[in-house]
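If you want the building blocks of each chain, they are given just below.
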Amino acid sequence: MTVVTVQPDTVAVPFARPADRFRGTFWVFGVGVLGLAGGVTLFTLAVTFIGLIPLVVLVPATLLILGWLRRYADVRRLWCAERLGVPIARPYRPEPTGGWVRRLRWYLSDRATWRDLMWLLVDATAGFTLAILPATLLGATAFYLVYPLLFWVTPRDVFGSPFGFFMLQSWNQTFLLWPVAALAFGLFWTCTPPLLRAYGRLTKSMLAPRDRDRLTARIAHLAESRADTVDTQAAELRRIERDLHDGAQARLVALGMNLGMAEELLATDPDAAQELLVEARESTGLALSELRALVRGIHPPVLADRGLDGAVRALALAAAVPVEVSVDLPGRLPAPVESATYFAVAEVLTNVAKHSGATSAWLRVVHEDGRLCVMVGDDGRGGADVVAGGGLHGVTRRLAAFDGTMGVASPIGGPTIVTMELPCVLS
Amino acid sequence: MRVVLGEDLALLRDGLIRLLQAHGFEVVEAADNGPSLRHALLTHKPDVAVVDVRLPPTFTDEGLRAAIDARREVPGLPVLVLSQYVEQLYARELLSDGRGGVGYLLKDRVSNVGQFVEAVRRVAEGGTAMDPEVVAQLLARNATSAPMHQLTAREREVVGLMAEGRSNAAIAAKLFITDKAVSKHTNNIFAKLGLAQSGDDNRRVLAVLAYLNS
């Protein structure tokens, strides 16, 4: 599961200016009223249709309503982030592909669905109360401010008792209510920002993923990437075994045979023996070059010699297009990270050469904030994509083993920039 | 001719000593690790050194570094570097002082004894001996970067063979052209790369260096 944080592009403190209290008040009042109406409606609908699941015919309607519920919660998450500066992550599991049954199970087995339902109730009650408080205080201010006017224009007994128990005797006395208006306004002025924040926090406490869910998602991700890693490693070992078996081992067998025959022929037919010896020497050369290629694929010697810095420079030199390299690493990376990064860069550069049609490329490696960041860009035609089974997909899997990520920005027409990030410490 | 050898594998070291002695070289010292190789290079100042890239104690490019350091102390000290694999990066580093007397060959090339001994001699005389595989890596690239793109395909071929350390006569034989044609190509190459008239050998090294840097 990916936890996508809804993050506004601007602002950390919304409604920051003093005058924003009024806008904030109207906004939260609107949201509160909507929360009451929408919450009650959606809750009723959702509970009814979940109850009606046994009538199989209505399942599509149930799915539709549960979809609305999520969208409704998502909109509120977005609003909280944009207007209240309270970003709220989505807690849902990734959407499955498949039929009604799977989707229904996906909705019902996710604890987040039930928490969303709970939230509807909380939002329609506690949330609503919080949301209308600033508007109520502002309303009270206005009401007591215009009270003398109301008292004057209406029959005496309509607005005769401002608090229900205290009878006003004359118009002059109504001005005694102005301090009450001042008090209400003071309360409004000081309480509105905390009330807005409280509303945001209340929403967040109901709609954000819980630590437990976060951990569950993390474990699921780790299990998946570990399985991937194990698979990849097993496949690599099989490939190495096959390469050795068909390559170097077979050549050595042939070599031994040639030498044995040469030995036999040495006395009787020196010319033929010499021919066999030449053949034997050639076959050592072939065996060696195959072993070299194999070693490069396991752990390139230049990486062992020079670390990532030297190794990516060597890669850039060997690339089919000129690559401008800049590396800024104050220390040495852990060996597995070095190796994964090296092969990732090699794959990306190969892609540049094969598919981009670029005439030049650049490569940047930096380490900051405990993360290694590698960027590869080219001036090619763009349109690069991560397809299952493709080279870039392999890179993603390779990096996932280290909690690393890869992003590809490649608009049609270029340029392409591949960004790889993985957490690691320098030694 | 006095030779210092740097090789940690006993089997190969003994083989190389035997091979070199059989061809009239005098092996003054055979070091089996980086520090003692450094020491040997600086004390003996041999006519040529034959050095394995990877040596103890670090088992990284200790031998290469020792050779480059020694050439800084003793400019132009002829060094032939042997390795299980070739890296264009290392070839560039070896040649970067522009003095020649540098070889960089795959270890397998030793098995062709005649060519290997010839390469050792050539390096001792201040020439170059780049492994054909280094050259092949370069030819595989689109030579788009300046100044190499000014050269014609034929001229790039010639400079590649120069990198391997072949003489004009050998290049002529390999490409099936006349000696005169080869010297015309080499002069064109020198002119295009902006290498002024001086010792011919040095210009060859600089041309190769420009080639490796492309």
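Scope of this entry: the structure provided in the associated data block. Quick caveat: nothing in here was measured; it's all calculated off a predicted structure. Within each chain, residues carry numbers counting from 1 in the order of the written sequence. Written order determines the labels here, with chains lettered from A and ligands numbered from 1. Per-residue local features are limited, in this predicted model, to residues with pLDDT of at least 70; the limit for side-chain atom pairs, both in listing and counting, is 80 or more; totals at the level of whole chains, interfaces and linings are taken over all residues.

As for the overall build of chain B
Keep this limit in mind: In DSSP terms, a helix is any run of H or I states spanning at least four residues, a strand is any run of E spanning at least two, and both are numbered starting from the N terminus. Residues are defined as contacting one another if the C-beta atoms placed from their backbone atoms lie within 7 Å.
Across its full length, chain B holds 10 helices and 6 strands. Partitioning the intrachain contacts of chain B with sequence separation of at least 6 by distance along the chain shows that 63% fall at a separation of at least 24.

So, the nonpolar core
Note the following rule: One nonpolar core equals one set of buried Ala, Val, Leu, Ile, Met, Phe, Trp, Tyr and Cys residues connected by C-beta atoms within 7 Å. Exposed residues have 12 or fewer other C-beta atoms within 10 Å of their own C-beta, buried residues have 20 or more, and partly exposed residues fall in between, where C-beta atoms are placed from the backbone.
Within the largest apolar cluster, 100 residues are counted, with the highest numbers of intra-cluster contacts made by Val345(A), Ala49(B), Val50(B), Leu80(B), Val81(B), Tyr104(B) and Val208(B). For Val345(A), the residues in contact, after removing those within four places along its chain, are Val312(A), Leu315(A), Leu363(A), Val374(A) and Val376(A). Listed in part, the 34 residues of the second largest apolar core include Phe128(A), Tyr147(A), Leu195(A) and Ala208(A).

Focus on helix α4 (residues 88–95) of chain B
Among the 8 residues in α4(B), 6 count as buried, and that is most of the element. When we look at burial in α4(B), the residues that qualify are Gln88(B), Leu89(B), Tyr90(B), Ala91(B), Leu94(B) and Leu95(B).

Observations regarding the packing of helix α7 (residues 211–268) of chain A against helix α8 (residues 270–298) of chain A
Residue and element names in this part refer to chain A. Just so we agree on the cut-off: Only C-alpha atoms enter the line fits that serve as axes; for helices the fit covers just the stretch in contact. Angles between N-to-C directions range over 0 to 180 degrees. By definition in this entry, angles of less than 35 degrees are roughly parallel, angles greater than 145 are roughly antiparallel, angles of 65 to 115 are roughly perpendicular, and the rest are oblique. If you view the pair so one helix is near and one far, a crossing is left-handed when the near helix is turned anticlockwise from the far one by less than a right angle, and right-handed when it is turned clockwise. Classification convention: Asp, Glu, Lys, Arg as charged; Ala, Val, Leu, Ile, Met, Phe, Trp, Tyr, Cys, Pro as nonpolar; all other residues, Gly among them, as polar.
Two numbers describe how α7 lies on α8: the axes approach to 8 Å, and their chain directions differ by 165°. Comparing the axis directions of α7 and α8 gives the class roughly antiparallel. For the element pair α7 and α8, the recorded crossing hand is left-handed. The class makeup of the residues in the contact of α7 with α8 is 21 nonpolar, 4 polar and 4 charged.

Observations concerning the sheet that holds strand β5 (residues 416–423) of chain A
Residues and elements named next belong to chain A. As a reminder, the rule being used: Only strands joined by at least two bridges in the DSSP assignment are considered to pair.
Strand order in this open sheet of 5 strands is β1-β2-β3-β5-β4, and the pairing throughout is mixed. Edge positions in the open sheet fall to β1 (323–328) and β4 (405–409), since each of these has one partner strand only. The sheet shows a mean angle of 10° between the axes of neighbouring strands, direction not considered. Of the strand pairs in this sheet, strand β3 (residues 371–378) and β5 are connected by 8 bridges, and their pairing is antiparallel. Counted as the bridge partner of Val374 is Met420 from β5. Contacting β1 and β2 (361–368), helix α9 (residues 301–318) runs over the sheet at an angle of about 175° to β1.

Considering the packing of α9(A) against helix α10 (residues 335–356) of chain A
Residues and elements named next belong to chain A. With their axes 10 Å apart at the nearest point, α9 and α10 run at an angle of 20° to one another. Considered as vectors, α9 and α10 are oriented roughly parallel to each other. As α9 runs across α10, the sense of the crossing is left-handed. Residues Leu303, Gly307, Leu308, Ala311, Val312 and Leu315 of α9 form the contact with α10, whose participating residues are Glu338, Ser339, Thr341, Tyr342, Val345, Ala346 and Leu349.

A word on the interface of chain A and chain B
Facing the 19 residues of chain A at the interface are 14 residues of chain B. Secondary structure elements with two or more residues in the side of chain A that touches chain B: α8 and α9 of chain A. At 10 residues, the largest contribution of residues to the side of chain A that touches chain B is made by α9(A).

Concerning the pairing of strand β2 (residues 26–31) of chain B
All names here are of chain B. As a reminder of what qualifies: Here, the term right-handed applies to a crossover whose path from the first strand over the helix to the second runs clockwise when the strands point away from the viewer.
Note that strand β1 (residues 2–6) and β2 share 5 bridges and pair parallel. Pairing of Val3 across the sheet is with Val27, part of β2. Each parallel crossover has a hand, and for β1 linked through helix α1 (residues 10–22) to β2 it is right-handed.

Quick word on the environment of Ala311(A)
By the secondary structure assignment, Ala311(A) is in helix α9. Spatially, the C-alpha atoms of Ala311(A) and Pro300(A) are 8.2 Å apart, while their sequence positions differ by 11 residues.

Some words on the environment of Leu117(A)
Residue and element names in this part refer to chain A. Structurally, Leu117 can be placed in helix α4 (residues 111–145). With 18 C-beta atoms packed within 10 Å, Leu117 lands in the partly exposed category. When the C-alpha positions of Leu117 and Ala46 are compared, they lie 8.1 Å apart, and in sequence the two are 71 residues distant. Setting aside residues up to four positions removed in sequence, Leu117 forms contacts with Phe43 and Ala46.

A look at unusual backbone geometry
Here the residue pair Pro56(B) and Pro57(B) is connected by a cis peptide bond, since its omega of 0° sits within 30 degrees of zero. Mapped onto the elements of the fold, Pro57(B) is located in the loop between β3 (48–52) and α3 (62–73). With a phi angle near 50°, Asp369(A) is a residue other than glycine that sits in the positive phi range. Of note, Asp369(A) is situated in the loop between β2 and β3. Assessed through the 6 C-beta atoms surrounding it within 10 Å, Asp369(A) is described here as exposed. If you check the backbone angles, Phe59(B) has positive phi at about 55° while not being a glycine. When you line up the elements, Phe59(B) lands in the loop between β3 and α3.

Some remarks on the pairing of strand β5 (residues 102–106) of chain B
Residues and elements named next belong to chain B. Most of β5 is tucked away, with 4 of its 5 residues classed as buried. Of the strand pairs in this sheet, strand β4 (residues 79–83) and β5 are connected by 5 bridges, and their pairing is parallel. Counted as the bridge partner of Ser83 is Leu106 from β5. With respect to chirality, the unit in which β4 leads through α4 into the neighbouring parallel β5 is right-handed. Regarding topology, helix α5 (residues 113–124) serves as the crossover connection from β5 to the parallel strand β6 (residues 128–130), and that connection is left-handed.

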